[in-house]
Amino acid sequence: MARQPTLQHGGLLMTSSTSVDHALPASVVRSAAAHRYRWPRTTRRGVQITLGVLWLLDAVLQLQPFMFSTRFAQGVLAPAAQGQPGWVAAPVDFFARLIAAHPAALNTGFVLVQIALGIGFLFPRLVRPAIVGSIAWSAGIWWFGEGLGGLASGHASLVTGAPGAVLLYAVLAAAAWPNPNNHSTRPSRVAVARWFPLAWAALWVGGAILQLLPGQRGSAALRDQVGSTDGGPDWLAPWHHSAMAALSHGGSAPFVAVVALMSIVGVAGLAGPRWQMAAAAIGSVAATAFWVLGQNGGALYSGQATDPNTGPLIILMALALAGTSAQQSRTGTTALVGSAAIRDHRGRRTTGNSNSTNKHGWKNIMDRRKATVGLLIAVPLLLTGCAAA
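Residues numbered from 1 in each chain as written. Predicted model: local features only at pLDDT ≥ 70, side-chain atom pairs only at ≥ 80, totals over all residues. Heavy atoms only, no water.

What to know about the overall build of the protein
Then, number 1: Within the protein, the secondary structure is distributed over 14 helices and four strands.
Then, number 2: Sorting the 389 residues of the protein into buried and exposed places 43% on the buried side.
Then, number 3: At a minimum sequence separation of 6, the contacts of the protein that also span at least 24 residues come to 75%.
Then, number 4: Summed over its atoms, the accessible surface of the protein is roughly 19,300 Å², and 66% of this surface lies on carbon and sulfur atoms. (Helix = DSSP H or I, 4+ residues; strand = E, 2+ residues; numbered from the N terminus. Buried < 20%, exposed > 50% of the residue type's maximum accessible area, 1.4 Å probe, protein only. Contact = heavy atoms within 4.5 Å. Areas by Shrake-Rupley, 256 points an atom, 1.4 Å probe, with all protein chains shown as cover.)

Now the structure itself:
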């Protein structure tokens, strides 16, 4: 029994006895209530701060001596136009020629922009203009500097860094936009935008589809993607040799496994909190493997890297996905508790939904779960079947 305050007409604060008549099993409510505290909380503010640090890292990388020479335009930017259709290659070529003509001045401008973005993300009052600037800057660099991440060439792969780190900067920035509907909630507790699981699914399922394109298909192509160390440090060589051996002697199984992994991780991000947490964990491990084997740690050792590549960004996306699952878990707990019927000491229903409404709600939940399970089975099976064919 609980004592609930009520305000009577006479203005006196009285209390009445209430009891909670749970339309759902008590074990379900207790399980959900305990479950909410097990999820890690990766919030919008956490994503904003991380993006600020990454933009400052990019500024430091842009200060490398190589970036102030014509070799930056000729060796980093111009190759992004190779194998691309004209509508992609022409702007990239123009941009590369422009920078080659004025490398020091323009690169100094690039550094200042990235420093400004990094500082903006670190201070809450500057976050909104920083996000707008980040999205605009990322869109321009993704097209003019990276050739849309090579997606139009047919040779882009999630393993080697597609769709481009700068595009993921934009996606994360948009997902971390301060939520105007949560004035009563501390910004440090608000998860990223609700549409973010769709971006996660698009990244991973899109990666599986890219891997099925003719130029990427098969274990031989996958072996080429992880086989080059590009003059990397000695500690990378054993990892590459091990991966090459597995791909050389595994037949088509490693390629099929990679496609299946990508599709499952992507679709699982659209499911419930438990599935999302599993997708975030597995996706983080896979992104780390891709970063080490396919991206050579972003080639940060080379003196020519402009960003850490997509590996760390995908890990940040995984943490943000885990944050959305935490929010869903907390929301689900509130809904379970709130759906219980509360009666006063006279037996009259004062708040809550009827049993028929609760049954209808559970039916909708079960229908959604069936649809999710069907999606989890159908999409990976389809893409895996294409990989094995």
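This is not the end of the story, as more comes after the structure.
Observations regarding the environment of I209
Then, number 1: Residue placement: I209 occurs in helix α8 (residues 196-211).
Then, number 2: What makes I209 partly exposed here is its relative accessible area of 44%.
Then, number 3: Counting along the chain gives 54 residues from I209 to S263, while the straight-line C-alpha distance between them is 8.6 Å.

Re the side chain of Q216
Then, number 1: Among the secondary structure elements, Q216 is positioned in the loop between α8 and α9 (219-227).
Then, number 2: Only 3.5 Å separates the side chain of Q216 from the backbone oxygen of H155, close enough to count as a polar contact.
Then, number 3: In this structure, Q216 is in contact with G154, H155, A156, S157, L210, Q211, A221, Q225 and F255, ignoring residues within four places of it in sequence. (Polar contact = N/O pair within 3.5 Å; in protein donor to acceptor, adjacent residues only side chain to side chain.)

Brief notes about the packing of aromatic side chains
Then, number 1: The full count for this structure, using the stated rule, is eight aromatic pairs.
Then, number 2: Centroid distance F95 to F110: 6.3 Å. Interplanar angle 35 degrees. Geometry classified as tilted. Here F110 lies in helix α5 (residues 103-122) and F95 lies in helix α4 (residues 86-101), a separation of 15 residues in the sequence.
Then, number 3: Judged by relative accessible area, which is 16%, F95 ranks as buried. (Phe/Tyr/Trp six-rings, centres within 6.5 Å; stacked < 30°, edge-to-face > 60°.)

Focus on the packing of α5 against helix α6 (residues 127-145)
Then, number 1: Where α5 meets α6, the axes come as close as 8 Å, and the angle between the chain directions of the two elements is 140 degrees. By the angle class used here, α5 and α6 are oblique. Judged by the twist between their axes, the crossing of α5 over α6 is left-handed. Facing F110, V113, Q114, L117, G120 and F121 of α5, the residues of α6 in contact are V127, A130, I131, G133, S134 and W137.
Then, number 2: Its residues placed into classes, the contact of α5 with α6 shows eight nonpolar, four polar and no charged. (Axes fitted to C-alpha atoms, helices over the stretch in contact; angles between N-to-C directions. Parallel < 35°, antiparallel > 145°, perpendicular 65-115°, else oblique. Left-handed = near helix turned anticlockwise from the far one by under 90°. Nonpolar A, V, L, I, M, F, W, Y, C, P; charged D, E, K, R; others polar.)

Some points on the nonpolar core
Then, number 1: Of all hydrophobic cores here, the largest spans 55 residues; its most connected members are W200 and W204.
Then, number 2: Filtering out sequence-adjacent residues up to four positions away, W204 remains in contact with L158, M262, V265, G266, G283, A286, A287, F290 and I314.
Then, number 3: With nine residues, the next largest nonpolar core counts F72, L77, A96 and I99 among its residues. (Core = buried A, V, L, I, M, F, W, Y, C linked by side-chain atoms within 4.5 Å.)

What about the layout of surface pockets?
Rolling a probe over the atoms, with the probe sized like a water molecule, indicates the empty space that remains.
Then, number 1: Computed from the structure, the largest pocket encloses a volume of approximately 1,500 Å³.
Then, number 2: The wall of the largest pocket is formed by 47 residues, among which V76, E146, T160, T306 and N309 lie closest to the centre.
Then, number 3: The leading source of residues in the lining of the largest pocket is helix α3 (residues 70-77), at four residues.
Then, number 4: Across the lining of the largest pocket, the residue classes break down as 19 nonpolar, 24 polar and four charged. (1 Å grid on protein atoms, 1.4 Å probe; cavity = no way out; pocket = protein on both sides within 12 Å on 5 of 7 lines; lining within 4 Å. Points joined across faces, edges and corners; volume = space filled by probe spheres on them.)

Notes on the environment of V192
Then, number 1: Along the chain, the position of V192 falls in the loop between α7 (165-175) and α8.
Then, number 2: The buried category is assigned to V192, whose relative accessible area is 2%.
Then, number 3: Excluding residues within four positions of it along the chain, V192 makes contact with R44, V47, A175, A320 and T324.

Quick notes on the environment of G145
Then, number 1: Mapped onto the elements of the fold, G145 is located in helix α6.
Then, number 2: For the pair G145 and F95, spaced 50 residues apart in sequence, the C-alpha to C-alpha distance is 7.1 Å.
Then, number 3: When neighbours within four sequence positions are excluded, G145 is seen to be in contact with L77, A80, F95 and G140.

Some details on a nonpolar patch on the surface
Then, number 1: A grouping of I49, V53, L112, I115, I119, L122, F123 and L126 is seen on the molecular surface, where their side chains present a nonpolar patch of about 660 Å² in accessible area.
Then, number 2: Among the secondary structure elements, those contributing two or more residues to the nonpolar patch are α2 (44-62) and α5.
Then, number 3: For the nonpolar patch, the element with the most residues is α5, which contributes four residues.
Then, number 4: With respect to the element layout, F123 can be found in the loop between α5 and α6.
Then, number 5: For F123, a relative accessible area of 47% puts it in the partly exposed group. (Patch = residues over 30% accessible without salt bridge, like charges linked within 9 Å, V, L, I, M, F, W, Y side chains within 5 Å. Salt bridge = Lys/Arg side-chain N within 4 Å of Asp/Glu carboxyl O.)

What to know about the confidence of the model for the protein
Then, number 1: Across the protein, the average pLDDT comes to 80, with 72% of residues at or above 70.
Then, number 2: Taken together, the stretch residues 1-24 has pLDDT below 50 and engages in 46 contacts with residues farther than four places along the chain or on a different chain.
Then, number 3: Across residues 26-39, where pLDDT falls below 50, the model places 20 contacts with residues more than four positions away in sequence or in other chains. (pLDDT = per-residue confidence, 0-100.)

What about α3?
Then, number 1: Regarding α3, the residues found buried are F72, A73 and L77. Taken end-on, α3 shows its buried residues confined to a sector of 95 degrees, consistent with a single buried face.
Then, number 2: Summarising the contacts, the buried residues of α3 are in contact with α2, α4, α5 and α6. (Arc of directions from axis to C-beta.)

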